[in-house]
Amino acid sequence: MNSTARELLAAISAGFTDLSLADTPADDPLGWPGYPEARAAAAARTGETESVVVGEAKIGDVPTVLIAWEFGFLGGSIGQQTGDRVEAAFAHAKERGLPVVSLVATGGSRMQHGMRALSQLQRIARAAADARAAGVPQISVLRNPSTGGGWATLGAGSDVVLGLPDAQVGFAGSRVRPATSPAEAYTVEAKLEWGQVDRLVETDELGDVLARWLQLLASPSTEPAPPPNARRDATLPETGWEAVRTARASSRARAPEYLDAYFDWRENVQGDRAGHVDEGVQCGFGWREDRTIAYAAQCGTATRPAGFRTAARLIRLASRLGIPVLTLVDTPGAANDAEAEEGGIGPAIAELFEAIATAAVPVTTLVIGEGGSGGALAFAAPGTTWIAPDAYFSVTSPEAAAAILKRPMTDVPAVADQLRLRPQDLVGLGLAVGIVEP
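Being a predicted model, the structure only gives us computed values, none of them experimental.

Each value, and the rule that gives it
Residues numbered from 1 in each chain as written. Predicted model: local features only at pLDDT ≥ 70, side-chain atom pairs only at ≥ 80, totals over all residues. Heavy atoms only, no water. Core = buried A, V, L, I, M, F, W, Y, C linked by side-chain atoms within 4.5 Å. Buried < 20%, exposed > 50% of the residue type's maximum accessible area, 1.4 Å probe, protein only. Axes fitted to C-alpha atoms, helices over the stretch in contact; angles between N-to-C directions. Helix = DSSP H or I, 4+ residues; strand = E, 2+ residues; numbered from the N terminus. Parallel < 35°, antiparallel > 145°, perpendicular 65-115°, else oblique. Left-handed = near helix turned anticlockwise from the far one by under 90°. Contact = heavy atoms within 4.5 Å. Salt bridge = Lys/Arg side-chain N within 4 Å of Asp/Glu carboxyl O. Lys, Arg positive; Asp, Glu negative; His and termini not counted. Patch = residues over 30% accessible without salt bridge, like charges linked within 9 Å, V, L, I, M, F, W, Y side chains within 5 Å. Areas by Shrake-Rupley, 256 points an atom, 1.4 Å probe, with all protein chains shown as cover. Charge placed at Lys NZ, Arg CZ, Asp CG, Glu CD. UniProt positions renumbered as here; feature names shortened; annotations may be inferred. Polar contact = N/O pair within 3.5 Å; in protein donor to acceptor, adjacent residues only side chain to side chain. Nonpolar A, V, L, I, M, F, W, Y, C, P; charged D, E, K, R; others polar. Arc of directions from axis to C-beta. Disulfide = S-S within 2.5 Å.

(A) Representation of the nonpolar core. Counting 84 residues, the largest nonpolar core has Trp213 and Phe285 as the members making the most contacts within it. Counting 21 residues, the second-largest nonpolar core is a separate cluster that includes Ile67, Val104, Ala105 and Ala127.

Right under this line is the structure:
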């Protein structure tokens, strides 16, 4: 059974101060028969006067504005005074520079308010956008259910989206969706698989997880991320082909090993918010030496459109919150199959190039393995790229270069030499700052 709004607030926060406005008389814009009585019954049953409770409290050590839906009040439906309260909560967060956590549990707009109810979504979206432009971090928690406008505004629109297991999540509620649609498509688990939710969290862990996320998102800094140390004591290669073979070796360190060694702890974000996840890219925020650093890391596979879009999403968020970024380059290249083309691999790469080019925070890059063509370069920051001794960076793979130049495959090792792709070559060409040491 769902916790009430007050029960959940008490479980995850301390020192809650109610910020709810002194409500105007109960609104009934359409004169809906029986609505005043239904509203009065909901108030008597829940002890609340509206479908959301808003206030300020501490989660962990971070003062936070909370917006908690009370589903027992008319199904958590959104009406005029719901919009009043949410708008006031965001204004308070913007004025105080505090993050916002939205605990969503709603069936959508309040039918008895008609278009007056639906128009509250515009108010909520505007209030969230105004706070976002002021650098306010936003986290949503999807409870059961999170449907309609609550999902399509604060639920899906937050910087980080967490979900409680088994929650119903979808734009269409259970009473209005097509009868032929599988119920599984309207679950938080499906939204996680499709890259629309970052993580599932058990209710008894929610306070601790939120405290970690709030510490990460509310800790801006101006210093660039230092490049990680190399994870292997490798000798610099004598030839280009040796560099390629060393970078392709199964014993070479991969992104998860680098990230685990670099951070004290970290939290991942997942997905491109458009229905896709690339497991070959890890993005998120980590805690290192008492500050937050964001990361976008390739994990050695051909990067797909969702990987580029997730990295761009991460960098834009870090840029808005004032958090420096570390990128790790390791890919044979961008995916080049028909599915990748249909999925917009070109526009996705362009999106990431733009995100790094326009970042308002320093971006540091380390090439840790294969640096294959534009799919690798899109993750790299010009002027602040470092390289590991067991890595290479090239305009394309030696095999592809030989094919483009119409040379036999027996010439591949010679082509690798001519491409000057070794770590020391990249430094000599001015394309890498230096070679990191173990």
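(B) Just the packing of helix H11 (residues 305-321) against helix H13 (residues 345-357), in detail. For the pair H11 and H13, the least separation of the axes is 8 Å and the interaxial angle reads 20 degrees. When the interaxial angle is binned, H11 and H13 end up roughly parallel. In terms of crossing hand, the pair formed by H11 and H13 is left-handed. The segment H11 lies against H13, with Pro305, Phe308, Arg309, Ala311, Ala312, Ile315 and Arg316 engaging Ile345, Pro347, Ala348, Ile349, Glu351, Leu352, Ala355 and Ile356.

(C) Structural context of the pattern of salt bridges. Summed over the entire model, instances satisfying the criterion amount to 28 salt bridges. Close ionic contact of aspartate 18 with arginine 6 constitutes a salt bridge, the shortest N to O distance being 3.1 Å. You can see aspartate 18 sitting in strand S1 (residues 14-18) and its partner arginine 6 sitting in helix H1 (residues 5-12), a full 12 residues away along the chain. Of the charged contacts in the structure, one is a salt bridge between arginine 232 and glutamate 257, with a shortest N-O distance of 2.7 Å. In this pair, arginine 232 sits in the loop between helix H8 (206-217) and helix H9 (240-247) while glutamate 257 sits in helix H10 (residues 255-262), placing the two residues 25 residues apart along the sequence. Residue classification places arginine 232 among the partly exposed positions, given a relative accessible area of 30%. Linked by salt bridges that have partners in common, Asp27, Arg39, Glu50 and Arg110 make up one network.

(D) Region of interest: the side chain of aspartate 390. Along the polypeptide, aspartate 390 turns up in the loop between strand S14 (385-387) and strand S15 (392-394). No salt bridge is formed by the buried aspartate 390. Its closest oppositely charged neighbour is arginine 252, at 5.4 Å. Sequence-distant contacts of aspartate 390, that is, excluding residues within four places in its chain, are made with Arg232, Ala234, Thr246, Ala247, Arg252, Ile368 and Gly369.

(E) Local environment of a negative patch on the surface. Residues Asp166, Glu202, Asp204, Glu205 and Asp208 make up a contiguous surface patch of negative charge. Note on placement: aspartate 166 falls in the loop between strand S6 (160-163) and strand S7 (169-170).

(F) Highlighting the UniProt feature "domain: CoA carboxyltransferase C-terminal" (unreviewed entry) in the protein chain. UniProt's feature table lists "domain: CoA carboxyltransferase C-terminal" (unreviewed entry) at residues 227-438, given in the numbering used throughout. Secondary structure over residues 227-438 splits into 36% helix and 21% strand, and the C-alpha atoms at its two ends are 11 Å apart.

(G) Fine view of unusual backbone geometry. The omega torsion of the bond from asparagine 144 to proline 145 falls at -5 degrees, within 30 degrees of zero and hence cis. Among the structural elements, proline 145 can be located in strand S5 (residues 138-147). One non-glycine residue with positive phi stands out, namely aspartate 290, at about 65 degrees. With respect to the helices and strands, aspartate 290 occurs in the loop between strand S10 (281-288) and strand S11 (291-298). Within the chain, arginine 420 stands out as a residue other than glycine whose phi angle is a positive 50 degrees. Relative to the helices and strands, arginine 420 is located in the loop between helix H16 (412-418) and helix H17 (423-428).

(H) Broad picture of the environment of arginine 232. Sequence separation between arginine 232 and proline 389 is 157 residues; the distance between their C-alpha atoms is 8.3 Å. Not counting chain neighbours up to four residues away, the residues in contact with arginine 232 comprise Ser251, Arg252, Ala253, Glu257, Pro389, Asp390 and Pro438. In this structure the side chain of arginine 232 is engaged in a polar contact, spanning 2.7 Å, whose partner is the side chain of glutamate 257.

(I) Structural view of the packing of helix H5 (residues 120-133) against helix H6 (residues 148-157). Where H5 contacts H6, the axes come no closer than 10 Å and their chain directions differ by 5 degrees. Here H5 lies roughly parallel to H6, going by the angle between them. Here Leu121, Ile124, Ala128 and Arg132 of H5 come into contact with H6, specifically with Gly149, Thr153, Leu154 and Gly157. Class assignment of the residues belonging to the contact of H5 with H6 gives a composition of 4 nonpolar, 3 polar and 1 charged.

(J) Here's a closer look at the environment of alanine 225. Looking at where alanine 225 falls in the secondary structure, it is placed in the loop between H8 and H9. Along the sequence, alanine 225 and arginine 291 sit 66 residues apart, while their C-alpha atoms lie 10.0 Å from each other. Sequence-distant contacts of alanine 225, defined by excluding residues within four places in its chain, comprise Tyr262, Arg291, Ile293, Pro324, Val325, Leu326 and Thr364.

(K) Representation of H9 within the structure. Of the positions making up H9, those classed as buried are Gly240, Ala243, Val244 and Ala247. End-on, the buried residues of H9 take up no more than an arc of 100 degrees, which puts them together on one face. The inward-facing, buried residues of H9 contact strand S13 (363-372), S15, helix H15 (398-404) and H16.

(L) Broad picture of the state of the cysteines. What the rule picks out here adds up to 0 disulfides. Here cysteine 283 stays unpaired: no disulfide links it, and the sulfur of cysteine 299, its closest cysteine neighbor, is 8.9 Å away. Since its relative accessible area comes to 2%, cysteine 283 is described here as buried. Judged by its relative accessible area of 19%, cysteine 299 is buried.

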